[in-house]
Amino acid sequence: MDSDEDMHDANGSESLEDDFYSEDMGMESDDGDADYDFGNEETDDDAEDINLHRQQNYTILSESDIHQRQEDDISRLSAVLSISRVAACILLRYYKWSVSTVHEEWFANEEHVRQVVGLLENPIDIPNVHELTCGICFETYPRNMISAAACGHPFCGACWRGYIGTSINDGPGCLVLRCPDPSCGAAIGQDMINKLATEEDKEKYARYLLRSYIEDNRKTKWCPAPGCEFAVDFEFGSGSNDVCCKCSYSFCWHCTEETHRPVDCGTVAKWILKNSAESENMNWILANSKPCPKCKRPIEKNQGCMHMTCTPPCKFEFCWLCLGTWSEHGERTGGFYACNRYEVAKQEGLYDESERRREMAKNSLERYTHYYERWATNQSSRQKALADLHSMQTEKLEKLSEKQSQPESQLKFIIEAWSQIVECRRVLKWTYAYGYYLPEHEHAKRQFFEYLQGEAESGLERLHQCAEKELQIYLEADSPMKEFNDFRTKLAGLTSVTRNYFENLVRALETGLKDVDSSNSQAACSQSSSSKSAYGKGSKGGKNKAARSGGPSRNSDDDWSCDRCTFFNPGSASTCQMCEHHQ
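Residues numbered from 1 in each chain as written. Predicted model: local features only at pLDDT ≥ 70, side-chain atom pairs only at ≥ 80, totals over all residues. Heavy atoms only, no water.

Per an unreviewed UniProt entry, the protein chain is named RBR-type E3 ubiquitin transferase, and its organism is Cocos nucifera. Note on the protein chain: under the UniProt heading Pathway (unreviewed entry), the record states "Protein modification; protein ubiquitination." As recorded by UniProt, the Sequence similarities (unreviewed entry) comment attached to the protein chain reads in full: "Belongs to the RBR family. Ariadne subfamily." (UniProt positions renumbered as here; feature names shortened; annotations may be inferred.)

And the structure:
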């Protein structure tokens, strides 16, 4: 564990942010405009950009909120157009609950709107006679057992219930129900449903109507979390696309996948498809197996000699290397563990194409596996961190409050730390998808990206260890410990440093590291092992740190840390090898 000096250093005058995270941790373009500020001192534009991302540009709606908004829209439209609430509901449903669209279309051509929607300007009453014939079953019924929509076509109660019930059971299409008469287009509103349908069908219809308010509106969506009944009203053109529902599930507004900054929706779609596609299975088969020369079934050789026997019913015996019949092999061809025929044929180039394909498949599979395993590992770590956060909120915080004689209101820094760990695990997870699709030929960007990713990972591990293992000491203490205040300072400092770094990392990756200079980033990555990060890679007591005053600091070997990007340069260099800033 770190000394008390390190603990105090997390939030003091020589804070952790003054090391790797101090000034402009990034590249500078030829014209001098630094685009990647990983430091503590933010410009007005940077602060504004971060605040924009943090600004909540959406509203979480419960079922009662949705119902209230729906009723308000119906009432407002009914009052403006001087029509019934039923007619207003039919109009809004047809125009996808857009009040402004209804206004535009209605005042532009009311007659056309009425025609396409099915609203009659002058409703027709049922003839005032004692008996009427149902238009479906053609039975004669007393007038009080006959009902009709605004068009006046008469149908008996049983036929109405059957017609409405069938439409409702078919799905949300019942919301645009028209008169049963094939030649009539009169709309059937909720008043007819409530009057004629069964109680079960009424509930289904009301549910469809409520859900249509969300599903037909481009500004609203349901939370995609399983079992969640909250909806989101999103405000376009401001802030980020990340949404955090009241159920604690975070997702992207555009693609409804889990929040995935810094990668875009297209990359997420490709990555998810690749993780579930058959192509990787085929790559594995191609890289790790050979087809039986007789039946062509793929065979994996995982141990033993070159003598292979295919599974029944084939049972063909062959040589693994040259795929020739085993009866033609023996001591003269190299025995059980070699094949002279294969070596000769390989020198003649007979196996070049198949070997090349197998090697390409193996390399592709190894590269994909490298990124996928780390993506999945961070996903597992995030799930574990979520469980630990829940445990801390429900159990451990109260226990810690008793052990250390601290009110729970003063222990919120622990919840903040765990929340930050969960968020950073998510970001780190998606950086591996970002890295997988980063073009191979852009060596400078790839090297710089891997360097930043490595620093982010080591920093997050330090925060995670502090919140998990060091906190356990105080949870298991028998009495209050005076070192707890030092722990508070350290954990709060690490949380702040990690938050700032990851926010700037996300912004840099979202811009595609577009201004990374090839020679500078290669120099940075080639000597990244000598760069001192804020997470204790440097000497204790604040040595090798870039001071806030702006002057470069030196160690005993006369090496110096750049006050702009904190890259560790040799003493012989007069300009920074990363950002070319003068010493």
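Asks: So what's going on with the overall build of the protein chain? Which residues, and what values?
Replies: Scanning the protein chain for helices and strands turns up 17 helices and 16 strands. Looking at the protein chain residue by residue over its 583 residues, the buried ones come to 45%. Partitioning the contacts of the protein chain with sequence separation of at least 6, the portion at a separation of at least 24 is 57%. As displayed, the protein chain offers around 29600 Å² of accessible surface, 47% of which is attributable to carbon and sulfur atoms. (Helix = DSSP H or I, 4+ residues; strand = E, 2+ residues; numbered from the N terminus. Buried < 20%, exposed > 50% of the residue type's maximum accessible area, 1.4 Å probe, protein only. Contact = heavy atoms within 4.5 Å. Areas by Shrake-Rupley, 256 points an atom, 1.4 Å probe, with all protein chains shown as cover.)

Asks: Lay out the nonpolar core in plain terms, naming residues and giving numbers.
Replies: If you look at the biggest cluster of nonpolar residues, it comprises 53 residues, and the most contacted ones within it are Trp418, Leu491 and Leu513. At the level of secondary structure, the elements contributing two or more residues to this core comprise helix H10 (265-276), helix H13 (352-404), helix H14 (412-436), helix H15 (443-475) and helix H16 (484-510). Setting aside residues no more than four positions away along its own chain, leucine 491 makes contact with Phe413, Ile414, Ala417, Leu463, Cys466 and Ala467. Cys89, Leu91, Ile168 and Leu209 belong to the second-largest nonpolar core, a separate cluster that totals 52 residues. (Core = buried A, V, L, I, M, F, W, Y, C linked by side-chain atoms within 4.5 Å.)

Asks: Pulling in residues and values, what's your account of the pattern of salt bridges?
Replies: Under the definition given, this model contains 19 salt bridges. Glutamate 510 is paired through a salt bridge with arginine 261; the nearest N and O atoms lie 2.7 Å apart. Here glutamate 510 is found in helix H16, whereas its partner arginine 261 is found in the loop between strand E9 (250-252) and H10, with 249 residues between them in sequence. The class of arginine 261 is buried, set by a relative accessible area of 16%. (Salt bridge = Lys/Arg side-chain N within 4 Å of Asp/Glu carboxyl O.)

Asks: Describe in detail helix H6 (residues 110-117), supporting the description with residues and values.
Replies: Within H6, burial applies to Val113, Arg114 and Val117. Seen end-on, H6 carries its buried residues on one side only, within an arc spanning 100°. For H6, the exposed residues set more than 90 degrees away from the buried face come down to Glu111 and Gln115. If you follow the buried residues of H6, they end up packed against helix H4 (85-94) and helix H5 (99-108). Backbone geometry just downstream of H6 places glycine 118 in the positive-phi region, at approximately 100°. (Arc of directions from axis to C-beta.)

Asks: Before we move on, can you summarise the pairing of strand E7 (residues 231-234) with the specific residues and values?
Replies: Burial of E7 is two-sided: the residues Ala231 and Asp233 facing one way and the residues Val232 and Phe234 facing the other way are all buried. The sheet contact formed by strand E1 (residues 58-61) and E7 spans 4 bridges and is antiparallel. By the bridge assignment for E7, leucine 61 is matched with alanine 231. In the sheet, strand E6 (residues 220-222) pairs with E7 via 3 bridges, with the strands oriented antiparallel. (Pairing = 2+ DSSP bridges.)

Asks: Mind laying out the packing of aromatic side chains, listing which residues take part and the relevant values?
Replies: Scanning the model with the defined rule gives 25 aromatic pairs in all. Between tyrosine 474 and phenylalanine 487, the aromatic rings sit 5.0 Å apart at their centres with planes inclined by 40°, giving tilted as the arrangement. With tyrosine 474 in helix H15 and phenylalanine 487 in helix H16, this pair connects stretches of sequence that are 13 residues apart. On the basis of relative accessibility, which here comes to 5%, the residue tyrosine 474 falls in the buried class. Among the aromatic residues, those joined into a ring-pair cluster are Trp271, Tyr368, Tyr371, Tyr372, Trp375, Trp430, Tyr436 and Tyr437. The ring of tyrosine 437 has lysine 270 lying over it, and the distance from NZ or CZ to the ring centre is 4.5 Å. Across from the ring centre of tyrosine 368, 5.4 Å away, lies the NZ or CZ of lysine 274, which sits over that ring. (Phe/Tyr/Trp six-rings, centres within 6.5 Å; stacked < 30°, edge-to-face > 60°. Lys NZ or Arg CZ within 6 Å of the ring centre and 35° of its normal.)

Asks: Give me the lowdown on the packing of H14 against H15, citing residues and values where you can.
Replies: Relative to each other, H14 and H15 sit at 155°, their axes nearing to 10 Å. As the angle between them shows, H14 and H15 are arranged roughly antiparallel. Considering only the axes of H14 and H15, their crossing is left-handed. For the contact of H14 with H15, the class distribution of residues is 15 nonpolar, 5 polar and 5 charged. (Axes fitted to C-alpha atoms, helices over the stretch in contact; angles between N-to-C directions. Parallel < 35°, antiparallel > 145°, perpendicular 65-115°, else oblique. Left-handed = near helix turned anticlockwise from the far one by under 90°. Nonpolar A, V, L, I, M, F, W, Y, C, P; charged D, E, K, R; others polar.)

Asks: Please give an account of the sheet that holds E6 that cites residues and values.
Replies: Ordered by their spatial adjacency, 3 strands build an open sheet running E1-E7-E6, and the pairing between neighbours is antiparallel. Two strands lie at the open edges of the sheet, namely E1 and E6, each paired on one side alone. Going from strand to strand, the sheet's axes swing by 25° on average, the running direction of each strand aside. Each of E1, E6 and E7 touches helix H3 (residues 63-81); the most contacted strand, E1, lies at about 105° to it. Sheet strands in contact with helix H9 (residues 199-215) are E6 and E7, and its direction is about 120° off that of E6.

Asks: Any chance you could break down the environment of valine 268 for me, citing the residues and the numbers?
Replies: Mapped onto the secondary structure, valine 268 falls in helix H10. Overall, valine 268 belongs to the buried group, its relative accessible area being 1%. Taking the C-alpha atoms as reference points, valine 268 and cysteine 255, 13 residues apart in sequence, are found 9.0 Å from one another. Among residues more than four places away in sequence, those in contact with valine 268 are Glu257, His260, Val263 and Trp430.

Asks: Could you give me a rundown of the packing of helix H7 (residues 157-169) against H9, with the residues and numbers involved?
Replies: As a packed pair, H7 and H9 sit with axes 10 Å apart at the nearest point and diverge in direction by 45°. Taken together, H7 and H9 sit at an angle that is classed as oblique. When you trace H7 past H9, the crossing you get is left-handed. Taking contact as the criterion, the partners of Gly165, Ile168 and Asn169 in H7 are, on H9, Asp201, Lys204, Tyr205 and Tyr208.

Asks: Describe unusual backbone geometry, listing the residues and the values that go with them.
Replies: Residue arginine 261 is joined to proline 262 through a cis peptide bond whose omega torsion reads 15°. Examined against the element boundaries, proline 262 turns out to sit in the loop between E9 and H10. A positive phi angle, close to 60°, is found at phenylalanine 138, a residue other than glycine. Structurally, phenylalanine 138 is set in the loop between strand E2 (131-133) and strand E3 (140-142). Take phenylalanine 138: its relative accessible area is 63%, and that puts it in the exposed class. Positive phi, close to 80°, is recorded for serine 248, a residue that is not glycine. By the element assignment, serine 248 lies in the loop between strand E8 (242-244) and E9.

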